[in-house]
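# What the coordinates show
Take a look at the letters that make up each chain.
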Amino acid sequence: MGTRYQRVRGMRDVLPGESERWREVEGVVIDVLGRYGFREMRLPLVEVTDLFTRGVGEATDLVEKEMYTFDDRKGKSLSLRPEGTAGCVRACIENGLLHNQVPRLWYHGPMFRYERPQKGRTRQHTQIGGEVFGVSSPEVDAEILTMLCRVFRELGLSREVTLELNSLGSGTSRDRYREALVDYLAPHRDALDGDSRRRLGTNPLRILDSKVAATRAIVADAPAPVDYLGPASQQHFDGLRRLLDQAGVDYRVNPHLVRGLDYYTDTVFEWVTEALGAQGAVCSGGRYDGLVERLGHRPVPGAGFGMGLERVVLLHETCNGRDYSRADVYVIASPAHTARAAMVAESLRDGTTLRVLQHAGEGGLVSQFRHADRSGARWAVIVGDDEVAQNRVSLKWLRVDAQPGRGEQKMLPVDELITTLKGAG
RNA sequence: GUGGAUGUAGCUCAGUGGUAGAGCCCCGGAUUGUGGAUCCGGUGGUCGCGGGUUCAAGCCCCGUCAUCCACCCCA
């Protein structure tokens, strides 16, 4: 008896029954992105570590203590991507996508963060992210949010999520605010929690969204970023709010909303839910006008988002508990006619788009009908001695929920079977 | 990284230091060609792993791994 292997901590298997839901959710998101003109990027999972320390920020928790970092065989430091934007920007620069173009891009795939797993949080998680480069006006911010609003609507999750919005400002106004915040907090230093005390020197904005009650009380009267916006940032924020109002996108301004990644400027947002416990952020993002320059290209503005699919799928499940069946048609046969049944199944696949599952393995007809029922199929097709003798097959309706009696059944030629099921599908 | 809870059949879980259990699932039968309901029978276990205490450990002790929840962090 060998070792019994376990999955690595924080990693998950997605099994049949869940994978269908994943496909459905991903399908909706990707479809909406396409309808807004976003095109797919397929990006590597591994990047040079420095891309993240520089792009995301050295003092962020993400790079400070959550990255999977390792040396390759020549001693170069590489990291599994903890987020998507930095790699996307790198790819855009490297492939010349930012020259006189306004690319709208999306990507999909796993991100890795070494955190303690809990509900809605795994060490490998999946994001769909989108980025728009080259436009600094708030139209782009508004369009992204309108699009995300549509995504949640089409997923049937509008009632579950709310949009929180804030502006961090940019440039000197952001620096001025930072100073003002530190000035305000410094006298209260001893009353802050330990984490916040530490952040006072490294990343004071993060103190704004602390959950520690004592800290919250102090922060409640602290100056907010919106009070320090420069004229351009103020205009941008006002413009964005006006556009959202016109588009009918509901939002709540949360003056304490900040991001844990350093590259954000001006607009930041977060779609949050109450239904997932402590991990309430389902999708978030904002504007990052300084990032492209920080990564070595001439300045190009950008805005984007990341959506945590594990959490969206979890939400989808709480709102939509239906089972995903694996078949539409279940073909059963008497032992002598399994080959013929296979041909019937194949004809059905030729003539329709239905999922046709042929009974495999042993089992009498009783057992086969039981399998047909449990497969979730709507119809059973029977290829038995009587049917073959008449060069026909039987079609039986398995789902007649209204009446408790037996399902309807009739015998018919294969071409008629196809037209019948085509019409019913 | 910190704290709490939990690991027993594929799943959900009972189990007083003294023979390893139930329900669901699965398989077969009642029904040699008709599913769902009912009834009968059956398969399935290194009790997470490693030590220790004991005549005897699923149960007590220590360690360890994992899961869950919260902190933290974020999507």
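Residues numbered from 1 in each chain as written. Chains lettered and ligands numbered in written order. Predicted model: local features only at pLDDT ≥ 70, side-chain atom pairs only at ≥ 80, totals over all residues. Heavy atoms only, no water.

## Thoughts on the overall build of chain A
Rules: Each helix corresponds to a stretch of at least 4 residues labelled H or I by DSSP, and each strand to a stretch of at least 2 residues labelled E; elements are numbered beginning at the N terminus. Restricting the calculation to C-alpha atoms gives the radius of gyration, and the globule rule supplies 2.2 Å times the number of residues raised to the power 0.38. Relative accessibility thresholds used throughout: buried, under 20% of the residue-type maximum; exposed, over 50%; partly exposed, between the two (1.4 Å probe, protein chains only). For this analysis, residues touch if any pair of their heavy atoms sits within 4.5 Å. Note that accessible areas follow from Shrake-Rupley with a 1.4 Å probe, and for residues the cover is restricted to the protein chains shown. A positive count includes Lys and Arg, and a negative count includes Asp and Glu. His and the chain ends are not counted in either. Charge coordinates come from a single atom per side chain, which is NZ of Lys, CZ of Arg, CG of Asp or CD of Glu.
From N to C terminus, chain A includes 15 helices and 16 strands. Expected size for 425 residues packed as a compact globule is a radius of gyration near 22 Å; at 28 Å, chain A overshoots this value by more than 25%. The principal-axis extent of the C-alpha atoms belonging to chain A is close to 90 × 60 × 45 Å. Here chain A, with 425 residues, has 48% of them falling under the buried criterion. The contacts of chain A with a sequence gap of at least 6 include a subset with a gap of at least 24, amounting to 70%. By element, 47% of the accessible surface of chain A is carried by carbon and sulfur atoms, the whole surface being about 21,700 Å². Each charge class in chain A can be summarised by its mean position, and for the 57 positive and 58 negative side chains these summaries are 3 Å apart.

## Section: the nonpolar core
The condition is simple: Put simply, buried Ala, Val, Leu, Ile, Met, Phe, Trp, Tyr and Cys residues joined by side-chain atoms within 4.5 Å make one nonpolar core.
Core analysis: the largest hydrophobic core is formed by 44 residues, its most contacted members being Phe-269, Trp-271, Phe-305 and Met-307. When residues of this core are assigned to their parent elements, the largest contribution, 9 residues, is made by helix α5 (residues 138-154). When residues no more than four places from it in sequence are discounted, the contact partners of Met-307 are Val-29, Thr-126, Gln-127, Ile-128, Leu-148, Val-151, Phe-152, Val-282, Cys-283 and Val-312.

## A look at the side chain of Asp-328
One can find Asp-328 in the loop between α11 (309-319) and β12 (329-333). What Asp-328 contacts, discounting residues up to four positions off in sequence, is Leu-354, Arg-355, Ala-377, Arg-378 and Trp-379.

## So, the protein's contact with RNA strand B
Quick reminder of the rule: In this text, near means that some heavy atom of the residue lies within 4 Å of the molecule or strand in question. We define a polar contact as two N or O atoms separated by no more than 3.5 Å, with the added condition that, inside protein, one atom must be a possible hydrogen donor and the other a possible acceptor, whereas residues neighbouring each other in sequence contribute only through side-chain atom pairs.
In the vicinity of RNA strand B there are 56 residues, among which Arg-116, Lys-119, Arg-199, Arg-206 and Ala-281 approach most closely. Backbone atoms, meaning sugar plus phosphate, form 54% of the atoms of RNA strand B positioned within 4 Å of the protein. For RNA strand B, a sugar or linking oxygen lies 2.7 Å from a polar atom in the side chain of Glu-66. Looking at the surface near RNA strand B, the elements that each hand over two or more residues are β6 (124-133), α7 (194-202), β10 (281-287), β11 (302-308), α13 (365-374), α14 (385-389) and β15 (393-397). The biggest single contributor to the surface near RNA strand B is α13, with 8 residues.

## Here's the deal with the sheet that holds strand β2 (residues 46-48)
We apply this condition: Here, strands pair whenever DSSP counts at least two bridges between them. For every element, the axis is a line fit to its C-alpha atoms; helices are fit only across the contacting stretch, and the angle between N-to-C directions ranges from 0 to 180 degrees.
Strand order in the open sheet formed by 3 strands is β2-β4-β3, with antiparallel pairing between adjacent strands. Each edge of the sheet is formed by a strand with only one pairing partner; in this case those strands are β2 and β3 (69-71). The sheet shows a mean angle of 35° between the axes of neighbouring strands, taken without regard to direction. As paired elements, β3 and strand β4 (residues 77-80) share 3 bridges and run antiparallel to each other. Bridge pairing links Thr-69 to Ser-79 in β4.

## With respect to the pattern of salt bridges
We count it as follows: The term salt bridge refers to a pairing of a side-chain nitrogen on Lys or Arg with a carboxyl oxygen on Asp or Glu at a separation within 4 Å.
What the rule picks out here adds up to 22 salt bridges. A salt bridge links Arg-121 to Glu-115, with the nearest nitrogen and oxygen atoms 3.7 Å apart. Like Arg-121, the residue Glu-115 is buried in the burial classification. Close ionic contact of Asp-195 with Arg-198 constitutes a salt bridge, the shortest N to O distance being 3.5 Å. Within this pair, Asp-195 and its partner Arg-198 are both found in helix α7, separated by 3 residues, close to a single helical turn. On the accessibility criterion, Asp-195 (42% relative accessible area) is partly exposed.

## Notes on the domain arrangement of chain A
Worth spelling out the cut-off: Those domain boundaries reflect an automatic or database domain assignment.
Considered domain by domain, chain A is made up of domain 1 (19-169 + 229-319), domain 2 (170-223) and domain 3 (329-424). Spacing between the C-alpha centres of domain 1 and domain 3 amounts to 47 Å.

## Some points on the sheet that holds strand β1 (residues 39-40)
Pairing within the open sheet is mixed, and its 8 strands lie in the order β1-β5-β6-β11-β10-β9-β7-β8. Of all strands in the sheet, those with a lone pairing partner are β1 and β8 (252-253), marking the two edges. In this sheet, β8 lies alongside strand β7 (residues 161-167) in parallel orientation, the contact comprising 2 bridges. What sits directly across from Glu-164, in β8, is Arg-252.

## Things to note about the environment of Gly-134
Mapped onto the fold, Gly-134 is located in the loop between β6 and α5. Under the relative-accessibility criterion, Gly-134 is labelled partly exposed at 36%. Sequence separation of Gly-134 and Tyr-330 is 196 residues, and the distance between their C-alpha atoms is 53 Å. Aside from chain neighbours lying at most four places away, what touches Gly-134 is Val-300 and Pro-301.

## Things to note about the packing of helix α1 (residues 19-35) against α5
Two packed helices can be described by the angle between their axes and the distance between those axes. Threshold: Should the near helix be turned anticlockwise from the far one by less than a right angle, the crossing is termed left-handed; should it be turned clockwise, right-handed.
Interaxial distance between α1 and α5 falls to 10 Å at its minimum, and their mutual angle equals 145°. Pair α1 / α5 crosses with right-handed handedness. Taking contact as the criterion, the partners of Val-28, Val-29, Val-32, Leu-33 and Arg-35 in α1 are, on α5, Met-147, Arg-150, Val-151 and Glu-154.

## Some words on the environment of Ala-222
In this structure, Ala-222 sits in the loop between α8 (213-220) and α9 (231-247). The spatial distance from the C-alpha of Ala-222 to the C-alpha of Leu-354 is 61 Å, given a sequence separation of 132 residues. When sequence neighbours within four positions are dropped, the list of residues in contact with Ala-222 reads Leu-181 and Tyr-184.

## Notes on the packing of aromatic side chains
Heads up, the condition is: Ring pairs are drawn from Phe, Tyr and Trp, using the six-membered ring of Trp, whenever the two centres fall within 6.5 Å, and their geometry is named by plane angle: stacked under 30 degrees, edge-to-face over 60, tilted for the rest. Whether a charge lies above a ring is judged from NZ of Lys or CZ of Arg, which has to be within 6 Å of the ring centre and within 35 degrees of the ring normal.
Under the counting rule described, the total for this entry stands at 7 aromatic pairs. With centroids separated by 5.6 Å and ring planes inclined at 70°, the aromatic side chains of Tyr-68 and Tyr-114 adopt a geometry described as edge-to-face. Here Tyr-68 is found in the loop between α3 (61-65) and β3, whereas its partner Tyr-114 is found in the loop between β5 (104-112) and β6, with 46 residues between them in sequence. The class for Tyr-114 is partly exposed, based on a relative accessible area of 44%. Where Tyr-263 meets Tyr-264, the ring centres are 4.8 Å apart and the plane angle is 50°; that geometry is what we call tilted. You can call Tyr-264 buried: its relative accessible area is 6%. Ring pairing ties together the aromatic residues Phe-133, Tyr-263, Tyr-264 and Tyr-288, which thus form one cluster. In this arrangement the basic side chain of Arg-123 is found over the ring face of Tyr-114, its NZ or CZ atom lying 3.8 Å from the centre.

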